[in-house]
Amino acid sequence: MDLKNYDNIIEIDEELNCEYEVAKVLRKYPKDTVIIKNIKGFDMPIISGICNTRDKIAESINCKVDEITQKVATASENPIKIDNFLNFDLYESSDADLNKIPILTHYKRDGGAYITAGVVFAKDPETGIQNASIHRMLVIGKDKLAIRIVPRNLYTYFQKAKKLNKDLDIAIAIGMDPAILLASTTSIPIDYDEMEVANKFKNNNLKLIKLEKSGLQVPEADIILEGKISVTETAKEGPFVDLTDTYDVIRDEPVINLNKMHIKENAYYHAILPAGFEHKLLQGLPQEPRIFKATKNSVPTVKNVVLTEGGCCWLHAVISIDKQTQGDGKNVLMAALSAHPSLKHAVVVDTDINIFDPQDVEYAISTRVKGDEDIMIIPDVRGSSLDPVASSDGTTTKVGVDATKSIKNPEKFERVSLGE
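Numbers given to residues run from 1 along each chain, matching the order in which its sequence is written. With the structure being a predicted model, the display of local features is reserved for residues of pLDDT at least 70 and the display and counting of side-chain atom pairs for 80 or more, all residues being used for whole-chain, interface and lining totals. As a rule here, side-chain values cover all heavy atoms of the structure and leave hydrogens and water aside.

## What to know about the overall build of the chain
- Numbering of helices and strands runs from the N terminus, with a helix taken as a DSSP run of H or I at least four residues long and a strand as a DSSP run of E at least two residues long. Helices and strands together make up the secondary structure of the chain, namely 11 helices and 22 strands.
- The long-range share in the chain, meaning contacts at least 24 apart out of those at least 6 apart in sequence, stands at 69%.
- By the counting scheme adopted, Arg and Lys are positive, Glu and Asp are negative, and His together with the chain ends is not counted. A charge is said to be at NZ when it belongs to Lys, at CZ for Arg, at CG for Asp and at CD for Glu. Seen as two clouds, the 51 positive and the 63 negative side-chain charges of the chain have centres 3 Å apart. Contacts are assigned to residue pairs with any non-hydrogen atoms lying within 4.5 Å of each other.

Listed below in structure tokens is the structure:
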């Protein structure tokens with residue numbers, strides 16, 4: 001992993017155990033990049049926090065923080081095909097043995113050690129189109145993993161493989177550029193390739209490695225694992241701490257049988273702390289363009305959207321608009337709550353409010369909201385299964401807050417401190 005773009009890396013020299021001790025240290029540095037150099041029983045160091053702030057993500061895709069949403073939207077809509085390839089001579093290859101990798105057990109009730117920063121690559125069994133997506137994977141043997149798959153692209157590929165009764169070839173890449181991690185989490189059509197989005201981020205400079213056995217093409221990574229998702233074998237997966245810092249339930253999930261392992265010289269094992277900022281931003285931030293597009297279709301003067309860290313980058317959104325008519329705020333709220341079905345609470349504010357500053361957003365709510373007129377409450381709607389107060393099927397109550405200035409008397413709300 002290339003560390004030249006990271007300043008103020010915190011290096012921990014103390015010998016630490018993969019079970020609980022490393023995670024405990026990582027929790028002390030929620031927004032820092034941390035390297036754990038001395039892992040008991042392993043030669044490979046651990047790195048965490050390479051994309052746990054919006055500043056780091058913005059730098060990785062060469063933009064400002066308030067430009068991330070537009071940058072992701074542009075790359076998702078304008079992917080670039082890849083014709084640059086690397087040789088495999090960077091790697092030492094062997095039979096798969098997860099016991100050689102310092103995979104962490106994070107919390108006391110975890111189902112076991114979890115790979116949390118692994119990007120899974122697979123091809124559609126019918127079309128051959130490749131998909132990349134991040135999944136949590138529980139270690140259940142030296143060459144076996146249980147993988148949590150939700151109904152998205154990889155799930156669709158897996159269902160096709162089951163119908164064909166043929167195990168699905170996959171590769172798992174760990175330790176990659178943040179821009180590639182971000183691309184792998186974008187919401188794009190199933191016939192798009194996330195690595196072509198990454199190539200747009202990288203200005204057409206992304207190079208891939210062709211894996212001989214499976215034909216899959218993966219970016220340069222510190223660790224590459226090869227194997228198959230079994231169409232017949234399942235295992236108990238969980239508990240696991242999800243975005244909301246609460247435990248997800250135990251389920252029967254598919255099993256990955258690994259066969260090969262490729263490790264670069266001087267490799268780092270990238271660990272994403274469950275419920276940490278890296279986890280929240282990578283999962284939630286790519287949903288912002290979807291909300292932005294839907295709200296802008298509703299009200300063309302929408303300026304920006306953020307899924308807030310306090311809302312786990314999943315349950316709370318703030319939308320900035322240049323309000324033109326009295327009903328703009330509520331139209332935006334309805335569009336936002338529909339665009340991202342997991343969204344639970346949304347706030348719309350004027351352009352004089354910094355949507356990245358929770359204190360500024362609270363100021364808007366405190367001075368511009370009249371509860372009986374500006375708060376929408378929508379009961380019995382689909383929400384997020386991750387929400388602890390939602391029903392088991394995700395049914396919940398959604399709330400929209402119009403914290404914009406009244407069109408009738410805007411002068412009452414002008415902020416003196418922002419004037420000349």
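And the narrative resumes.
## Some details on the packing of helix α8 (residues 288–298) against helix α9 (residues 328–339)
- Where α8 meets α9, the axes come as close as 8 Å, and the angle between the chain directions of the two elements is 145°. Taken as a pair, α8 and α9 cross one another with a handedness that is right-handed. Along its contact with α8, which presents Arg 290, Ile 291, Ala 294, Thr 295 and Ser 298, the element α9 presents Asn 331, Val 332, Ala 335, Ala 336 and Ala 339.
- Under the convention adopted here, Pro, Cys and the residues Ala, Val, Leu, Ile, Met, Phe, Trp and Tyr are nonpolar, Asp, Glu, Lys and Arg are charged, and Gly plus all remaining residues are polar. Residues belonging to the contact of α8 with α9 are distributed by class as follows: 6 nonpolar, 3 polar and 1 charged. Inter-axis angles, ranging from 0 to 180 degrees, are taken between N-to-C directions of lines fitted to C-alpha atoms, where helices are fitted over the stretch in contact. Less than a right angle of anticlockwise turn of the near helix away from the far helix marks a crossing as left-handed, whereas a clockwise turn marks it as right-handed.

## Notes on the sheet that holds strand β2 (residues 34–36)
- Paired strands are those between which DSSP finds at least two bridges. One open sheet accounts for 4 strands, arranged β1-β2-β3-β17; its pairing is mixed. On the outer flanks of this sheet lie β1 (10–12) and β17 (269–270), each paired with one strand and no other.
- Across 2 bridges, strand β3 (residues 46–48) lies against β17 in parallel orientation. Within β17, the residue paired with Ile 46 across the bridge is Tyr 269.

## Quick look at the sheet that holds strand β19 (residues 316–321)
- Ordered by their spatial adjacency, 5 strands build an open sheet running β18-β19-β20-β22-β21, and the pairing between neighbours is mixed. Sheet topology places β18 (302–307) and β21 (375–382) at the edges, where each strand pairs with a single neighbour. Neighbour-to-neighbour, the strand axes of the sheet open up by a mean angle of 15°, direction not taken into account.
- Here β19 runs beside strand β20 (residues 345–350); their pairing, made up of 6 bridges, is parallel. Its bridge partner being in β20, Ile 321 is matched across the sheet by Asp 350.

## Some words on the packing of aromatic side chains
- In summary, the pairing rule links any two rings of Phe, Tyr or Trp, Trp by its six-membered ring, whose centres are within 6.5 Å, and it sorts them by plane angle into stacked for under 30 degrees, edge-to-face for over 60 and tilted for everything else. Throughout the structure, instances matching the rule amount to 2 aromatic pairs.
- Relative to Tyr 91, the ring of Phe 88 has its centre 5.2 Å away and its plane inclined at 80°; by these criteria the two rings are edge-to-face.
- Ring geometry for Tyr 114 and Phe 240: centres 4.6 Å apart, planes at 55°, overall tilted. Of this pair, Tyr 114 sits in strand β5 (residues 114–115) while Phe 240 is found in strand β14 (residues 240–241), placing the two residues 126 residues apart along the sequence.
- For each residue, the accessible area found with a 1.4 Å probe, counting protein chains only, is set against the maximum for its type, and the residue is called buried under 20%, exposed over 50%, and partly exposed in between. Note on Tyr 114: relative accessible area 0%, which makes it buried.

## Looking at the pattern of salt bridges
- By definition, a salt bridge exists where a carboxyl oxygen of Asp or Glu is found within 4 Å of a side-chain nitrogen of Lys or Arg. The tally for this structure, following the rule as stated, stands at 25 salt bridges.
- The residue Arg 368 makes a salt bridge to Asp 352 at a minimum N-O spacing of 2.8 Å. Placement of Arg 368 in helix α10 (residues 358–368) and of Asp 352 in the loop between β20 and α10 is noted, with a sequence separation of 16 residues between them.
- Residue classification places Asp 352 among the partly exposed positions, given a relative accessible area of 21%.
- The salt bridge partner of Glu 373 is Lys 370, with a shortest N-O separation of 3.5 Å.
- Among the residues examined, Glu 373 registers a relative accessible area of 46% and is labelled partly exposed.
- The class for Lys 370 is partly exposed, based on a relative accessible area of 43%.
- A network of salt bridges, in which partner residues are shared, links Arg 136, Glu 237, Asp 242, Asp 248 and Arg 251.

## Brief notes about the side chain of Asp 242
- Its location among the elements puts Asp 242 in the loop between β14 and β15 (247–248).
- A residue is classified by how much of its surface remains accessible, and Asp 242, at 8% relative accessible area, is buried.
- Excluding its chain neighbours within four sequence positions, the residues that come into contact with Asp 242 are Arg 136, Asp 248, Ala 275, His 279, Gln 283 and Leu 386.

## Description of the environment of Thr 127
- Residue placement: Thr 127 occurs in the loop between β6 (119–123) and β7 (130–134).
- Along the chain, Thr 127 and Thr 105 lie 22 residues apart, while their C-alpha atoms are 37 Å from each other.
- A distance of 3.2 Å separates the side chain of Thr 127 from the backbone nitrogen of Ile 129, its partner in a polar contact. In the analysis that follows, any N or O atom pair within 3.5 Å is treated as a polar contact, provided that within protein one partner can donate a hydrogen and the other can accept it, and provided that, for residues neighboring in sequence, both atoms belong to side chains.

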